[in-house]
Structures are given as structure tokens and as C-alpha cells.
Amino acid sequence: MLKSLYIDHQPAKALRMPYKAIISVLTGWSSEFSDSVVKSDSLFVALFSADNELLFANKAMELLIRDEPYKSLINPSFEKLKSLDNSSTLIFDGFLTLCDNKSNNSSIYAQVYRKEDMFLILGGVNVSQIFEQSKTMQQLNREISNLQSALLKEKYTLESTLAHLNDANILLKLQTEARDKLFSIIAHDLRNPFQALLGFSDLLMDSSETYSHTDVVKFAQKMNVVAKNTHVLLENLLEWSSLQTGTLRPDKAREDSERLVDEIVSFCIPLFEAKKINLNAVCCENEFVLADKILVKIVLRNLMSNALKFTHPHGNVTVETSRTGMFVRFSVTDNGIGIDPVFFEKLFSFENNLSAPGTANENGSGLGLILCKEIIEIHGGTIWVESEPGKGSSFIFTLPAFHEQVTEGKKFENMVI
């Protein structure tokens with residue numbers, strides 16, 4: 001029996017039994033059809049009388065109708081169905097909109113048949129509609145997925161932009177603080193020495209005849225000290241300003257560490273002799289660094305100036321170099337007044353920079369060590385201090401070592417990193 005339902009199969013369309021033969025076969029399944037229709041929650045069946053009375057509704061249809069069932073039909077309404085041409089049993093074929101007790105509208109694909117004063121509504125799912133809805137949903141899912149990807153990309157871009165803005169704000173804040181500090185130094189540390197110079201010069205101009213030759217010499221010596229300190233301060237200010245604006249960039253080359261020390265020591269000897277302080281240099285030979293010669297000499301000059309400032313007459317200052325792993329180590333050591341360890345971190349900080357008078361009441365701005373730290377760090381080195389109050393200090397910094405390698409008659413210059 002089942003095999004006789006289909007005579008043959010073709011790729012596109014199967015040839016079915018004649019309609020009457022199918023009806024004859026299905027008649028034998030009438031009880032199963034009836035049971036399925038009554039219990040179904042996907043096939044909608046309702047039977048109305050012409051006077052608006054609901055005679056039968058299966059499980060699925062009961063979910064879609066109100067307490068007054070005929071009023072549940074909204075489009076077309078039950079009254080509209082009754083007015084349709086009934087020359088044929090099938091009076092309506094299309095989407096039927098219903099409203100239940102919860103005021104929820106639902107549309108089903110339905111066929112409405114009329115026989116005399118009876119209206120049979122058979123509704124279900126339109127397969128073509130399902131396919132179209134499925135295609136629409138797939139397209140919507142693709143669009144949602146693309147939108148989510150675009151939103152994630154925009155989110156990442158926004159987060160990245162916000163991070164850059166935050167970094168820029170932090171940098172701007174630091175630069176503003178540095179600028180304010182620089183102005184503070186200029187206002188305070190440059191004004192005072194010029195006031196001293198003006199005071200001494202006014203005394204010599206207005207009352208030179210009342211002073212002895214010895215007094216005039218003393219005034220000249222004091223003016224000379226003030227002028228030298230002011231000159232050092234101005235140099236540090238200009239060099240630091242150049243670093244901050246990016247105009248001072250290291251021009252690195254192969255430099256002999258011993259020669260760097262010798263040159264700066266020779267320059268500083270007269271200053272140390274004037275204060276009666278012994279200056280010594282102990283350097284290792286043939287140790288080279290990759291560095292900007294001018295900038296490294298600025299660091300050595302500042303560290304030696306500090307040692308001179310905080311060492312008592314007849315004290316000792318020693319400049320040393322040594323190889324330590326991949327770096328060359330420089331140190332400037334004195335047996336002066338020393339530094340309390342609680343101030344070590346503050347020595348190199350702009351926010352908390354310290355300045356104390358020297359053993360001969362020399363003044364300073366505290367800018368020199370900050371300048372040293374920035375120069376050493378742009379070279380890839382580090383700088384720190386080792387000290388104990390009353391026992392002197394050692395300011396130490398490192399620079400990357402440099403070596404030459406000869407291979408097959410060719411010379412290569414390499415920085416050890």
C-alpha cells in the first residue's frame with residue numbers, strides 16, 4: 001500500500017496518485033487525523049456558525065482566541081468573512097490575524113471554507129514563508145555579526161584613542177610641572193645671584209674710595225664666585241631645556257672612558273685647588289663606551305661640582321672607571337658631609353628636588369642631578385647614589401660598553417647590549 005503512494009521518483013518532482021485515490025486511502029486514517037487535529041498546537045482548526053457561535057476549536061486555536069471567539073478575528077473580521085462570495089466552498093486563502101485575551105496579535109496562514117451556515121477555519125504554517133523568514137533571519141544574523149564586529153573595532157579604536165589621550169594628558173601634566181619648576185628656578189636662583197652682583201657693584205661704584213685694596217679684592221672674589229655659580233646654573237638650565245624640547249639629542253660615538261675623565265678632571269683641577277681639595281682619577285685602560293662625549297662630560301662636570309661643593313677643604317675626591325659586565329661604570333666619590341639615605345630618591349626627582357648650601361656656603365638649584373639622570377637614561381644607562389651622613393658620597397652611573405670585532409679582515413663596531 002505504501003509503495004503504491006508514489007509511482008516513480010524524478011529529481012525535481014514526484015508523480016503522485018490521483019486525488020480521488022489519495023482520498024480513498026486517507027479515509028482509512030480518519031481517526032488518526034481527527035485525533036492529531038484536536039491535539040495539535042501547530043495546526044489551527046475552528047468551526048463557527050453563521051450567528052457567531054464557536055462550535056469547535058482545537059488546542060492550538062484556543063490559545064489565539066478571546067472569551068468572545070468571533071471577535072478574535074481581526075483581519076479579516078468574522079463579519080467580513082460572512083460577506084465574502086461563497087459561490088465556492090473556499091471563501092478565503094491568506095493570512096488571518098487574530099487577537100487573544102492578552103491583546104497579543106498573531107497571524108497565521110489560513111483557509112476558510114463555508115458550507116451553508118458553517119465556517120471552517122484551517123490554519124497552519126506557510127512553508128514558503130518559513131523559507132523566506134529563514135533567509136531574512138540569516139541575513140539579519142549576518143548584518144548583526146558584521147555590526148558587532150564593527151562595534152568591537154570601534155570600541156578598540158576608541159579605547160586606544162582614550163589611552164593615547166590619557167598618555168598625552170599625563171605627559172602634558174609632567175611637562176607643565178617641569179615648566180613651572182623651571183620658571184621657579186629661574187625666578188629664584190637667577191634673581192638672587194644677580195642681586196648679589198648688583199649689590200657688590202653698587203658698593204664699589206658708590207663707595208670705592210672708602211674701601212682698602214684688600215676690601216676691593218674680597219668684593220671682586222665674591223663677585224667672581226657668584227658669576228661662576230650663575231654661569232654653571234645657566235648652562236644647566238639651557239641644557240635641560242634643550243633635552244625637554246627635544247633639540248638636544250645624543251650624537252653617540254665610540255669614546256674612550258679614560259680620556260673622558262682626564263679631560264673633565266683637567267678642566268676642574270683649578271677649582272679644586274682653589275678650595276684646597278685633592279682630586280684623583282683612577283681609570284681602567286682601553287674601555288670604550290657608545291656615548292655622546294659632550295653630554296657625558298656635562299654629567300661628570302655636574303657630579304664633580306657637587307663633590308667639590310660638599311667636601312671640606314683638604315678633603316678628597318676620586319673619579320673612577322671600571323668594567324662591569326656589559327657596562328662601563330663611572331663613579332665620583334668624596335669624603336664630604338654625606339647624604340641621609342631618606343633623600344636618595346628625591347635627589348633625582350623634579351617634584352622633590354633638593355638643594356643645600358655647600359661647605360663654603362655655595363648655592364645650587366638642584367637641577368644638575370636631574371639633568372644627569374635624563375642624560376644617562378637616554379644613553380641606556382642608570383645612575384644612583386651611595387652615601388652615609390658624615391662619611392661622604394659616591395655618585396655612580398653606567399654607560400653601555402663598546403667593543404670592536406675583527407672578522408675575515410673586516411672591522412665591525414658593536415655595542416654590547
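For clarity, every value in this text was computed on a predicted model and none was experimentally measured. (Residues numbered from 1 in each chain as written. Predicted model: local features only at pLDDT ≥ 70, side-chain atom pairs only at ≥ 80, totals over all residues. Heavy atoms only, no water.)

**A look at the overall build of the chain**
Line of reasoning, step 1. Along the backbone of the chain there are 9 helices and 16 strands.
Line of reasoning, step 2. Residues classed as buried in the chain amount to 33% of the 417 residues present.
Line of reasoning, step 3. Pairs at least 24 apart in sequence give 61% of the contacts found in the chain among residues at least 6 apart. (Helix = DSSP H or I, 4+ residues; strand = E, 2+ residues; numbered from the N terminus. Buried < 20%, exposed > 50% of the residue type's maximum accessible area, 1.4 Å probe, protein only. Contact = heavy atoms within 4.5 Å.)

**Describing a nonpolar patch on the surface**
Line of reasoning, step 1. A surface patch of nonpolar side chains, about 300 Å² in accessible area, is lined by Val38, Leu55, Phe56 and Met118.
Line of reasoning, step 2. Residue position: valine 38 is located in helix 2 (residues 30-39).
Line of reasoning, step 3. Overall, valine 38 belongs to the partly exposed group, its relative accessible area being 41%. (Patch = residues over 30% accessible without salt bridge, like charges linked within 9 Å, V, L, I, M, F, W, Y side chains within 5 Å. Areas by Shrake-Rupley, 256 points an atom, 1.4 Å probe, with all protein chains shown as cover. Salt bridge = Lys/Arg side-chain N within 4 Å of Asp/Glu carboxyl O.)

**Focus: the pairing of strand 13 (residues 327-334)**
Line of reasoning, step 1. Pairing between strand 12 (residues 316-324) and strand 13: 8 bridges, direction antiparallel. Note on strand 13: the bridge partner recorded for valine 319 is valine 332.
Line of reasoning, step 2. Hairpin connection from strand 12 to strand 13: 2 residues lie between these consecutive antiparallel strands, with glycine 325 at a positive phi of about 65°. (Pairing = 2+ DSSP bridges.)

**Focus: the pattern of salt bridges**
Line of reasoning, step 1. Enumeration according to the criterion identifies 8 salt bridges in this entry.
Line of reasoning, step 2. For glutamate 79, the salt bridge identified is with lysine 82, shortest N-O distance 3.3 Å. Pair noted here: glutamate 79 and lysine 82 are both in helix 4 (residues 78-83), with a separation of 3 residues, about one helical turn.
Line of reasoning, step 3. Judged by relative accessible area, glutamate 79 falls into the partly exposed class, the value being 45%.
Line of reasoning, step 4. Note that lysine 391 and glutamate 388 form a salt bridge whose closest N and O atoms lie 3.5 Å from each other.
Line of reasoning, step 5. Overall, lysine 391 belongs to the exposed group, its relative accessible area being 57%.
Line of reasoning, step 6. Where salt bridges share partners, they join Glu263, Lys293 and Lys297 into one cluster.

**Things to note about the confidence of the model for the chain**
Line of reasoning, step 1. Counting all residues, the mean pLDDT for the chain is 80, and 79% of those residues have values of 70 or more.
Line of reasoning, step 2. When pLDDT is averaged over each helix and strand of the chain, the minimum, 40, is found for strand 1 (residues 6-8) and the maximum, 95, for strand 13.
Line of reasoning, step 3. Across residues 1-15 the pLDDT falls below 50, and counting only partners more than four positions away or on other chains, this stretch makes 13 contacts in the model.
Line of reasoning, step 4. Within the model, pLDDT remains below 50 along residues 405-412, and this stretch shows 8 contacts once partners closer than five positions in the same chain are excluded. (pLDDT = per-residue confidence, 0-100.)

**Here we look at unusual backbone geometry**
Line of reasoning, step 1. Residue proline 76 follows asparagine 75 across a cis peptide bond; omega there is -5°.
Line of reasoning, step 2. With respect to the helices, strands and loops of the structure, proline 76 is situated in the loop between strand 5 (73-75) and helix 4.
Line of reasoning, step 3. Of note in this structure, glutamate 116 is not a glycine but carries a positive phi near 55°.
Line of reasoning, step 4. Relative to the elements of secondary structure, glutamate 116 occurs in the loop between strand 7 (105-115) and strand 8 (118-124).

**Things to note about the packing of helix 8 (residues 293-309) against helix 9 (residues 367-378)**
Line of reasoning, step 1. At a minimum axis distance of 9 Å, the contact between helix 8 and helix 9 shows a crossing angle of 145°. As for how helix 8 packs across helix 9, the hand of that crossing is left-handed. Residue-level inspection shows Leu295, Ile298, Val299, Asn302, Leu303 and Asn306 of helix 8 in contact with helix 9, the latter providing Gly368, Leu369, Leu371, Cys372, Ile375, Ile376 and Ile378.
Line of reasoning, step 2. Class assignment for the residues of the contact of helix 8 with helix 9 results in 10 nonpolar, 3 polar and no charged. (Axes fitted to C-alpha atoms, helices over the stretch in contact; angles between N-to-C directions. Left-handed = near helix turned anticlockwise from the far one by under 90°. Nonpolar A, V, L, I, M, F, W, Y, C, P; charged D, E, K, R; others polar.)

**Overview of the nonpolar core**
Line of reasoning, step 1. By size, the foremost hydrophobic cluster in this structure holds 39 residues, and its most contacted members are Met304 and Phe397.
Line of reasoning, step 2. Mapped onto this core, the elements with two or more residues apiece are helix 7 (257-274), strand 11 (288-291), helix 8, strand 12, strand 13, helix 9, strand 14 (383-387) and strand 15 (393-407).
Line of reasoning, step 3. The element contributing the most residues to this core is helix 8, with 9 residues.
Line of reasoning, step 4. Among all residues touching methionine 304, those that are not within four sequence positions of it are Ile264, Val265, Cys268, Phe272, Leu279, Val319 and Val332.
Line of reasoning, step 5. One finds Ala57, Leu81, Phe92 and Leu98 within the second-largest nonpolar core, a separate group that totals 20 residues. (Core = buried A, V, L, I, M, F, W, Y, C linked by side-chain atoms within 4.5 Å.)

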